[in-house]
Each structure stands twice: as structure tokens, then as C-alpha cells.
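# Summary of the model geometry
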Amino acid sequence: EELDATERLVDRLLASPRFGESWGMHWLDVVRYAESEGFEYDRHRAGAWRYRDYVVESLNADKPFDAFVVEQLAGDELPAPREDQLVAAGFHRLGPVRRNAGNVEVAFSRNEVLTEMTDAIGSVFLGLTIGCARCHDHKFDAIRQRDYYQLQAFLAATQEHDMVLATADEQEQWKAANQQVQEQITRAREKLEKAQGDDRREWMAKLQELQQRIPEPLPTISSVKSDVELRTPIHLLQRGQADLPQDRVSPQVLGVLRSEQGDAGAGDAVAQRRTLAEWIVSADHPLTARVLVNRLWQYHFGRGIVATPNDFGVNGATPTHPELLDELAEDLVQGQWQMKRLHRRMLLSA
């Protein structure tokens with residue numbers, strides 16, 4: 001039968017390369033995407049744009065949402081990971097990072113990084129404010145402080161990993177060229193400090209010219225890797241403070257979401273984030289599909305079925321149409337997590 005004009009328009013827009021760009025912006029907002037690190041130094045993330053492009057390409061290709069989630073949470077832990085899966089795992093690098101100079105409190109800094117990663121997983125995929133349980137049992141939702149650190153334990157071996165996409169020779173040439181310019185910059189700064197009048201203006205111009213000659217960074221994938229040797233022991237922390245450790249904990253999913261069979265934790269397995277990712281996208285998970293469906297509804301119609309898209313907890317809004325949310329979430333899972341089908345269904349609904 002012939003499609004009507006609305007259906008043809010929807011199909012044309014879903015097939016457009018602009019589709020991934022438009023919807024990619026929404027996802028990048030949710031995952032706190034930025035191209036610099038924040039805080040005092042606010043360093044530029046040389047390979048950040050690769051994650052942005054990964055998102056756009058995944059949405060255009062209608063990558064199933066479960067694969068999209070697993071690649072971002074554990075792309076580097078998949079067997080023989082592809083380059084785009086390593087890029088996807090850069091999800092864990094998107095939050096602000098404090099780069100301390102001088103006397104660094106290592107345990108505090110590491111705790112801040114792990115906290116940022118854990119809280120993001122809660123709000124992005126589960127729609128829960130689990131960060132509230134960092135310092136005490138959650139005041140509203142059934143999330144204990146122990147649950148928070150057990151969830152964080154899935155990330156204990158996760159370390160930053162920048163993969164330079166250049167040969168050893170190219171890297172050596174870059175280091176030599178960079179070192180030469182940096183030495184000249186140091187000398188120019190020393191001269192500038194002592195210079196007066198016209199001399200000072202000349203050295204300032206010289207310094208600016210040298211800074212223009214710093215070689216462009218080599219192509220880099222900003223990702224993570226699991227290093228069992230460097231695994232951080234995760235303890236329940238009194239009031240969330242790294243210098244007040246209590247019991248040591250092992251990886252385990254949130255107690256309130258554990259099925260009757262009891263979902264296993266990851267023990268000492270190497271691929272701990274992959275275990276967590278597979279639990280998050282399991283077909284019977286009560287939140288993942290509902291949180292995504294609600295985000296799509298919100299962006300199409302201006303308000304989610306749940307008006308608080310990052311908080312499905314007790315303090316969040318009650319769904320206006322719970323049966324509709326259940327129906328769409330079930331449709332997403334049964335349709336192999338394909339998102340374009342769901343966009344089409346929402347847009348062509350009455």
C-alpha cells in the first residue's frame with residue numbers, strides 16, 4: 001500500500017545523515033561530553049572528537065542500543081576490540097578531571113575520578129541519583145552506601161589510556177620537534193623577564209611566534225584500559241572520604257535491582273565493566289529500556305512520560321502514562337533494541 005506524505009517524510013528524515021547529528025547532540029548532553037578537562041588547567045582532549053563522531057555514526061547506522069551501551073561501558077574489554085569500540089570506551093573520560101601539580105594527594109584524586117565514573121553510569125543508563133549514596137545510605141531511594149561502592153568496584157581496574165595513532169618513528173620525530181620548540185620557548189621567556197622597552201616587545205612577539213610553531217598533537221584515541229596490577233582497592237568510605245576507609249567491597253550490582261536469582265558480581269574477573277554492561281542491557285532490566293524510551297519521548301514531545309529523565313527514583317516525577325512507558329520499553333527490547341523503529345512509531349502515533 002502507498003505510504004502517505006507523513007510516513008515518507010519521517011522515513012526520509014530517519015535516513016538523513018543529519019539524523020545522527022541532531023540526536024547525537026542530545027546523547028552528548030546526557031553523557032557530559034566536553035572537549036576539555038575542566039578545573040584549573042582545562043586541558044584540551046586531543047581525541048575527544050572521535051567519541052562525538054562515534055555517537056553520530058552509531059545513531060545513523062541504527063546500532064542497537066544494547067550494543068551502543070556495551071561499547072561505551074566496556075568497548076576495550078570486548079574480544080579483539082575494533083578501533084571504534086576503543087573510541088566508545090572514551091565515555092569514561094568525558095567527565096571533568098583535576099590535574100594537580102606538585103604535591104598530589106593520589107588517593108583523593110583517584111577517588112574523585114572513580115566517583116565521577118560511577119555517578120555518570122547511574123544517571124545516564126539507570127536514571128538514578130546513585131551519587132547521593134557516596135556518603136550515606138540514600139535518603140529516598142533504596143540504595144545503600146555499600147551498594148554504591150560495590151558498583152564502583154566494577155571500575156576499580158579502569159585507567160586512562162591514550163592510544164597514539166602513529167608509528168614509533170613518527171612519535172620520535174614529533175617528540176624531537178616539540179622538544180626543540182619548547183627549549184626555544186623557555187629561553188625566550190627567560191629573556192622576556194629581563195627585557196625592557198622595545199626589547200620586551202620584540203621578545204613578546206618572538207614568544208608568540210614560537211608558540212605558533214608547537215607541532216600539532218599526534219592523532220590520539222582517548223580511551224581507557226583495565227589494568228589488574230593497578231586495580232584500586234575499593235572500600236566503603238566514611239562520609240565518602242578517601243582517608244576514612246572501612247570494609248573492603250567486591251563488585252556487585254545494586255541490591256534493589258537484583259533479580260530473585262541474585263545477579264552475580266564480577267569477583268576478580270578481568271572484564272569487570274563488561275559484566276556490569278551486560279547486566280545493564282539484560283532484557284529484564286527494569287530501568288535501562290524505560291530510561292531510554294523516556295529520553296526519546298522527551299526530545300520529540302517536549303516532556304518525558306517521566307518528567308525527570310535522570311531521576312526515576314522516589315523523588316523523581318511519577319510517570320503520567322506508566323502502561324505506555326512499559327509498552328514502549330518492551331517494544332524496544334523485543335525489536336532487538338533498534339531505535340529508529342521506535343522513533344518512527346512515536347512520530348506516526350496519534
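The structure under discussion appears in the preceding block.
The paragraphs below set out a description of the structure included in this document. (Residues numbered from 1 in each chain as written. Predicted model: local features only at pLDDT ≥ 70, side-chain atom pairs only at ≥ 80, totals over all residues. Heavy atoms only, no water.)

The next thing to look at is the side chain of threonine 288. Its location among the elements puts threonine 288 in helix α11 (residues 288-301). Within the structure, threonine 288 has its side chain in polar contact with the backbone oxygen of isoleucine 280 (distance 2.4 Å). Excluding its chain neighbours within four sequence positions, the residues that come into contact with threonine 288 are Phe65, Phe125, Leu126, Ile280 and Trp337. (Helix = DSSP H or I, 4+ residues; strand = E, 2+ residues; numbered from the N terminus. Polar contact = N/O pair within 3.5 Å; in protein donor to acceptor, adjacent residues only side chain to side chain. Contact = heavy atoms within 4.5 Å.)

All right, on to empty space enclosed by the protein then. With the rule as written, the count across this model stands at 3 cavities of 30 Å³ or more. Here the largest cavity is characterised by a volume of approximately 160 Å³. In terms of lining residues, the largest cavity is bounded by 16 residues, among which Trp23, Trp27, Leu59, Leu296 and Met339 are the most central. Sorting the residues of the lining of the largest cavity by element identifies α2 (17-30), α4 (65-74), α11 and α13 (339-347) as the ones contributing at least two each. In terms of residue count, α2 provides more of the lining of the largest cavity than any other element does, 5 residues in total. (1 Å grid on protein atoms, 1.4 Å probe; cavity = no way out; pocket = protein on both sides within 12 Å on 5 of 7 lines; lining within 4 Å. Points joined across faces, edges and corners; volume = space filled by probe spheres on them.)

Turning to the layout of surface pockets, a few remarks are in order. Considered as a void within the structure, the largest pocket measures approximately 500 Å³ in volume. In this structure, the largest pocket is lined by 22 residues; those nearest its centre are Val97, Arg98, Ser109, Glu112 and Val113. At the level of elements, α6 (106-126) and β1 (158-164) are the ones that each hand at least two residues to the lining of the largest pocket. If you tally residues by element for the lining of the largest pocket, the top one is α6, at 8 residues.

What follows concerns the packing of aromatic side chains. This structure, assessed with the given rule, holds 13 aromatic pairs. By the ring-pair criterion, three or more aromatic residues cluster together here, those being Trp27, Tyr33, Tyr51, Tyr54, Phe65, Phe68, Phe91, Phe125 and Trp337. The cationic tip of arginine 32 hangs over the ring face of phenylalanine 91; the distance from NZ or CZ to the ring centre is 5.0 Å. (Phe/Tyr/Trp six-rings, centres within 6.5 Å; stacked < 30°, edge-to-face > 60°. Lys NZ or Arg CZ within 6 Å of the ring centre and 35° of its normal.)

This brings us to the environment of glutamine 336. Mapped onto the elements of the fold, glutamine 336 is located in the loop between α12 (322-334) and α13. Classification of glutamine 336 by relative accessible area gives exposed; the value is 56%. Glutamine 336 sits 321 residues away from alanine 15 along the chain, and the two C-alpha atoms are 19 Å apart. When near neighbours in sequence (up to four residues on either side) are disregarded, glutamine 336 contacts Pro64 and Asp66. (Buried < 20%, exposed > 50% of the residue type's maximum accessible area, 1.4 Å probe, protein only.)

Moving on: the pattern of salt bridges. One pass over the structure, following the stated rule, counts 23 salt bridges. Residue glutamate 71 is joined to lysine 63 by a salt bridge in which the shortest nitrogen-to-oxygen separation is 2.8 Å. By the burial criterion, glutamate 71 is buried, and lysine 63 matches it. Between arginine 273 and aspartate 76 there is a salt bridge, with its nearest N and O atoms 2.8 Å apart. Here the residue arginine 273 occupies a position in helix α10 (residues 272-280), and aspartate 76 occupies one in the loop between α4 and α5 (83-88), the gap between them amounting to 197 residues. (Salt bridge = Lys/Arg side-chain N within 4 Å of Asp/Glu carboxyl O.)

Considering the arrangement of structural elements, one finds glutamate 160 in strand β1. Glutamate 160 sits in the partly exposed class, given a relative accessible area of 38%. Sequence-wise, glutamate 160 and arginine 93 are 67 residues apart; in three dimensions their C-alpha atoms are separated by 7.4 Å. Setting aside anything within four residues of it in sequence, one finds glutamate 160 in contact with Arg93, Val97, Arg99, Ser223 and Val224.

Within the largest apolar cluster, 73 residues are counted, with the highest numbers of intra-cluster contacts made by Trp27, Tyr51, Phe91, Phe125 and Ile280. Element by element, the count of residues in this core is highest for α6, at 7 residues. If near-sequence neighbours (up to four positions away) are discounted, tryptophan 27 is found in contact with Tyr51, Val55, Phe65, Phe68, Gln72, Val124 and Phe125. (Core = buried A, V, L, I, M, F, W, Y, C linked by side-chain atoms within 4.5 Å.)

Relative to the 18 Å expected for 13 residues at 1.5 Å per residue, helix α3 (residues 48-60) spans 19 Å between its end C-alpha atoms, a close match to the ideal helical length. By the burial criterion, the buried members of α3 are Ala48, Arg50, Tyr51, Tyr54, Val55, Val56, Ser58 and Leu59. Buried positions along α3 lie against α2, α4, α5, β2 (220-226) and α13. Positioned one or two residues after α3, aspartate 62 has a phi angle of 55 degrees, which is positive. (Expected span 1.5 Å × (residues − 1).)

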